[in-house]
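Spelled out, the chains give:
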Amino acid sequence: MSDLATTPVTKSQFLQFLRCSNAFHLVREGLVPKPSSSSYGGYLEWGDFLQLCKNQFPESVSIEKTMDKEESIQKTAEWISEKKSIFHAHLRFQHFVSTVEYLEYDSEREGWILWDFRPIGSVKQDILKSFYFHKQVAEGMSLNVVGYKIIRIQTKYLFPGGDINPADYLLVEDITSRMAADMGTREEEWKQFLEEVEKTGEQSVRFSFLDSKPSCRSLKTCLSPSHCAKGKENAKEVFDFRDSSELAKGWFALGYDSYESVPDSELTPIQRIQKQAHISKETYFDRNAFENYLTNVTKTVAFLDFESINPYIPLYPETRPFQHVPYLYSLHIWDRENDILTHKTYLHEDVDTDPRVPVLTQLQKDLPEGITIFSFNDFFEKLIIQETATAFPEFLEFWERAKSMFIDLAMPFKKLWLYHPGQNGKASLKEILPCFSTESHGGLSIREGQDANYQYLRLIKKQVTAEEKKRVLEDLKAYCKLDSYGLFLIYRMLLERLSVI
């Protein structure tokens, strides 16, 4: 028997198998590293969320993190024999191991209820699959599993201020009936999983994504294309076609390995534009579309970018879980007639107070009335102003004036009115900016919005030195400034192509 056959099998491996059986083998056999499950900022709030959940069960015992794995398993078994309800119960059956957030003993039914605590707004399939894994381990230990419950977040909860009331914020849901309804599907998944675990050591990758029973539907998130799709690295262009995840798979199977090789008859109009741009190495520009798009743009224009946090545990009164709260904006204002570019910014440095009123107060002063406001995916900027004005009615008039002045600068790139071969099918500001200017986010300490979100939340949640705080705040301002400046550069480039400046 191989060493892998006795290596502990975890819930995360089970879920990985259900997403992609090839990835399960590649990771389990050490051929590729385990994919990171970490997300920006989540752990900053997890401790507080977990404590809110645990407070609902004051009479329970808890497996502490200071215990090593073997001690945790033994202590769990001891408490199970005493019919105690346990936080972070460590279960083991054969070579399957599982950690249940809360294992509750139901004395009336003489059985156990499996609980999960999730800072989410809805129950997703992965949760049901996770419960089934826990069930198999628990029942392997001869535990009588009688129910499944989850604590998640009530997304409609409006924080009134003060201490969070768990009864309003937490949503306790019994999903036992839902588990029962899906049991046939779960049993079939488990059967397939056991077969794959037994096969471990025979052959790492049993089928490529081109086979009749593929491990994956797309290579966009593939852990190792060199294992699963040999030759894909030499056919990258096919997978860069816009809106082509399923189509690209078929093209690759037919032997197409470049933009040029895919017949026009198989391409959408947008994909044909993309193909021609890459073959000619020239930027595609739809003059008529842009002339219509920019018809009502004022001569003086603004370029606005917000940075925000969206904590799942609300920090400020009149906010909901996951609501975006602005703490920083960068605003470039361009007087085209005099070619004068002005930069305005506001960063809320007092991280212990609500930033919304100071941010909107300053923006109202900095943003001239009646001028066009460009943002990239302007839904986000408009939502932030609208939600803040809803909480603080003194900004409603400002919102009413501003909302009709927004224009989404992402739209032309999504619709391929403009396409540069260097975009490689992508339409994010980070991909677009270097194609049309000498600027890029590559040299910044903070390079994406999720990191900006995390860094400011870290200043709120963690103790940092004054020097560290100053550095982070400067990095945040630099990141946000480049976003709004990048919008100006792109807009000026468009006018140059239209020969109006």
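Structure: see above.
For clarity, every value in this text was computed on a predicted model and none was experimentally measured.

Basis of the calculations
- Residues numbered from 1 in each chain as written.
- Predicted model: local features only at pLDDT ≥ 70, side-chain atom pairs only at ≥ 80, totals over all residues.
- Heavy atoms only, no water.
- Core = buried A, V, L, I, M, F, W, Y, C linked by side-chain atoms within 4.5 Å.
- Buried < 20%, exposed > 50% of the residue type's maximum accessible area, 1.4 Å probe, protein only.
- Helix = DSSP H or I, 4+ residues; strand = E, 2+ residues; numbered from the N terminus.
- Axes fitted to C-alpha atoms, helices over the stretch in contact; angles between N-to-C directions.
- Parallel < 35°, antiparallel > 145°, perpendicular 65-115°, else oblique.
- Contact = heavy atoms within 4.5 Å.
- Nonpolar A, V, L, I, M, F, W, Y, C, P; charged D, E, K, R; others polar.
- Phe/Tyr/Trp six-rings, centres within 6.5 Å; stacked < 30°, edge-to-face > 60°.
- Salt bridge = Lys/Arg side-chain N within 4 Å of Asp/Glu carboxyl O.
- Pairing = 2+ DSSP bridges.
- Arc of directions from axis to C-beta.

**What about the nonpolar core?**
Item 1. If you look at the biggest cluster of nonpolar residues, it comprises 53 residues, and the most contacted ones within it are Phe374, Tyr456, Leu476 and Tyr491.
Item 2. Those elements that place two or more of their residues in this core are helix 14 (287–293), strand 8 (300–309), strand 9 (325–335), helix 19 (429–436), helix 20 (449–461) and helix 21 (466–497).
Item 3. Of all hydrophobic cores here, the second largest spans 38 residues; its members include Met67, Tyr105, Ile127 and Tyr132.

**Some remarks on the packing of helix 2 (residues 11–19) against helix 9 (residues 183–199)**
Item 1. Contact geometry for helix 2 and helix 9: axes closest at 11 Å, N-to-C directions at 100°. It follows that helix 2 is roughly perpendicular to helix 9 by the angle criterion. In this structure, helix 2 uses Gln13, Phe14, Phe17 and Leu18 to contact helix 9, whose residues at the interface are Glu189, Trp190, Gln192, Phe193 and Glu196.
Item 2. Counted by class, the contact of helix 2 with helix 9 contains five nonpolar, two polar and two charged residues.

**Focus on the packing of aromatic side chains**
Item 1. Tallied over the full model, the rule gives 43 aromatic pairs.
Item 2. Here the aromatic rings of Phe290 and Tyr293 are separated by 6.0 Å at their centres, their planes lie at 80°, and the arrangement is edge-to-face. Of this pair, Phe290 and Tyr293 both sit in helix 14, three residues apart, which is roughly one turn of that helix.
Item 3. Using a relative accessible area of 12% as the deciding quantity, one classes Tyr293 as buried.
Item 4. Relative to Phe436, the ring of Phe413 has its centre 6.2 Å away and its plane inclined at 55°; by these criteria the two rings are tilted. With a gap of 23 residues between them, Phe413 in helix 18 (residues 411–414) and Phe436 in helix 19 connect regions that are remote in the sequence.
Item 5. Put simply, the rings of Phe14, Phe17, Phe24, Phe96, Tyr132, Phe133, Trp190 and Phe193 pair up and form one aromatic cluster.

**Considering the pattern of salt bridges**
Item 1. Applying the stated criterion across every chain, the model contains 25 salt bridges.
Item 2. In this structure, Lys75 engages Glu78 in a salt bridge whose closest nitrogen and oxygen atoms are separated by 3.3 Å. Within this pair, Lys75 and its partner Glu78 are both found in helix 5 (residues 69–81), separated by three residues, close to a single helical turn.
Item 3. When its relative accessible area of 25% is taken as the criterion, Lys75 is described as partly exposed.

**Section: the sheet that holds strand 2 (residues 86–93)**
Item 1. Pairing in this open sheet of six strands is mixed, and the strands run 1-2-3-4-5-6 from one edge to the other. Each edge of the open sheet is held by one strand with a lone partner, namely strand 1 (61–62) and strand 6 (170–174).
Item 2. In this structure, strand 1 lies alongside strand 2, joined through two bridges in parallel fashion. If you follow Val61 over to strand 2, its bridge partner there is Ile86.
Item 3. Against the sheet, helix 4 (residues 42–54) makes contact with strand 1, strand 2, strand 3 (96–106), strand 4 (111–117), strand 5 (145–153) and strand 6, and its axis sits at roughly 150° relative to strand 4, the strand it touches most.

**Quick look at the pairing of strand 3**
Item 1. For strand 3, the buried fraction is high: nine of the eleven residues fall into the buried class.
Item 2. Looking at chain direction, strand 2 and strand 3 are connected through seven bridges and run antiparallel. Bridged to Arg92 within strand 3 is Val97.
Item 3. Hairpin geometry of strand 2 and strand 3 is characterised by an intervening segment of two residues between the two adjacent antiparallel strands and by a positive phi of about 55° at Gln94.
Item 4. Examined bridge by bridge, strand 3 and strand 4 share five bridges and lie antiparallel to one another. When the sheet's bridge partners are listed, Tyr105 is paired in strand 4 with Trp112.

**So, the environment of Phe57**
Item 1. Structurally, the position occupied by Phe57 is in the loop between helix 4 and strand 1.
Item 2. On the accessibility criterion, Phe57 (13% relative accessible area) is buried.
Item 3. Put simply, Phe57 and Val100 are 43 residues apart on the chain and 15 Å apart in space, counted from C-alpha to C-alpha.
Item 4. Not counting chain neighbours up to four residues away, the residues in contact with Phe57 comprise Phe87, Tyr102, Trp115, Phe117 and Ile151.

**What about the pairing of strand 11 (residues 372–375)?**
Item 1. Neither face of strand 11 is left uncovered, since the one carrying Thr372 and Phe374 and the one carrying Ile373 and Ser375 both have all their residues buried.
Item 2. The pairing of strand 8 with strand 11 spans three bridges and is parallel. Pairing of Ala302 across the sheet is with Ile373, part of strand 11.
Item 3. Bridge count between strand 11 and strand 12 (residues 406–408): three bridges; the pairing is parallel. When the sheet's bridge partners are listed, Ile373 is paired in strand 12 with Phe406.

**Quick notes on helix 12 (residues 245–253)**
Item 1. For helix 12, the full list of buried residues reads Ala248, Lys249, Trp251 and Phe252. End-on view of helix 12: buried residues confined to an arc of 165°, all on one side of the axis.
Item 2. Each element contacted by the buried residues of helix 12 is listed here: helix 11 (236–239) and helix 13 (269–280).
Item 3. A positive phi of about 95° marks Gly255, the residue just after helix 12.

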